[in-house]
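Each chain, written out:
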Amino acid sequence: MNEVAGVKRIGWLALLWCAAWSGDLIAAWIHAPYDRLGAVAALAWSLAFGSAARTTRDLSGFWLFAGGVASFVGVAGELNVAQHAALAMVAAAIVGGRSKGYWLLFLAVGWMPALGWAMRWAGPVATNLIRLLDSGIALGLAWRWRRAL
């Protein structure tokens, strides 16, 4: 096994860890009216992540470390938002950080229940429209990054 593949596996294991601790997302997407389209945004984000992960061999140590710290804070403090942020940060680490990582971090807000909480003043319709816009951007990036292969 070459060194790059071994390091990349650490990122994938960290992503699996963070995903396991973010199991509350499904309940939020099903039951919270502000989060109904969070699953759509997560699917689009996952496609963008998959496309970006296929086109890079780098692993960002900074984002991996930041994701680890956020995961620790989220698990120890029982803070779902920190666990969700950790998932996004580790995904950014797997795609090597840089512009693709920043796009994934920006678009991760679309599937996080924290968006529903922050936008509660605007109502569920406006919040879910933002989630749809986020999904469209993520799908566009997935298409673009896929074509870069």
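Keep in mind it's a predicted model, so treat the numbers as computed, not measured. (Residues numbered from 1 in each chain as written. Predicted model: local features only at pLDDT ≥ 70, side-chain atom pairs only at ≥ 80, totals over all residues. Heavy atoms only, no water.)

Visitor: Please give an account of the pattern of salt bridges that cites residues and values.
Guide: Per the stated rule, a full pass over the model turns up two salt bridges. For Asp-35, the salt bridge goes to Arg-131, with nearest N and O atoms at 2.6 Å. Of this pair, Asp-35 sits in the loop between α2 (24–31) and α3 (38–54) while Arg-131 sits in helix α8 (residues 124–147), and the two are 96 residues apart along the sequence. We note that Asp-35, like Arg-131, is buried. Of the charged contacts in the structure, one is a salt bridge between Arg-98 and Asp-58, with a shortest N-O distance of 3.0 Å. Here the residue Arg-98 occupies a position in helix α6 (residues 98–108), and Asp-58 occupies one in the loop between α3 and α4 (61–77), the gap between them amounting to 40 residues. On the accessibility criterion, Arg-98 (54% relative accessible area) is exposed. (Salt bridge = Lys/Arg side-chain N within 4 Å of Asp/Glu carboxyl O. Helix = DSSP H or I, 4+ residues; strand = E, 2+ residues; numbered from the N terminus. Buried < 20%, exposed > 50% of the residue type's maximum accessible area, 1.4 Å probe, protein only.)

Visitor: If you had to explain the environment of Gly-101 to someone new, which residues and values would you point to?
Guide: Turning to its location among the elements, Gly-101 is positioned in helix α6. With 11 residues separating them in the primary sequence, Gly-101 and Val-90 have C-alpha atoms 9.3 Å apart.

Visitor: Lay out a nonpolar patch on the surface with the relevant residues and their values.
Guide: Side chains of Phe-65, Val-69, Phe-72, Val-73, Leu-79 and Val-81 sit close together on the surface and give an oily, nonpolar patch of about 590 Å² of accessible area. Examining the composition of the nonpolar patch, we find that four residues originate from one element, α4, more than from any other. Relative to the helices and strands, Val-69 resides in helix α4. (Patch = residues over 30% accessible without salt bridge, like charges linked within 9 Å, V, L, I, M, F, W, Y side chains within 5 Å. Areas by Shrake-Rupley, 256 points an atom, 1.4 Å probe, with all protein chains shown as cover.)

Visitor: Describe the packing of aromatic side chains, and please don't skip the residues or the numbers.
Guide: Counted according to the given criterion, the structure contains seven aromatic pairs. Relative to Phe-106, the ring of Trp-103 lies with its centre 6.1 Å away and its plane at 80°, an arrangement referred to as edge-to-face. On the criterion of helical spacing, the pair formed by Trp-103 and Phe-106 is a turn pair, its members being three residues apart in helix α6. In this structure an aromatic cluster arises from ring pairing among Trp-12, Trp-45, Phe-49 and Trp-111. It is Arg-120 that lies over the ring of Trp-117; its NZ or CZ is 4.4 Å from the centre. (Phe/Tyr/Trp six-rings, centres within 6.5 Å; stacked < 30°, edge-to-face > 60°. Lys NZ or Arg CZ within 6 Å of the ring centre and 35° of its normal.)

Visitor: Summarise unusual backbone geometry; cite the residues concerned and give the values.
Guide: Although it is not a glycine, Glu-78 adopts a positive phi angle of roughly 50°. Relative to the helices and strands, Glu-78 resides in the loop between α4 and α5 (80–94). Although it is not a glycine, Arg-98 sits at a positive phi angle of roughly 50°.

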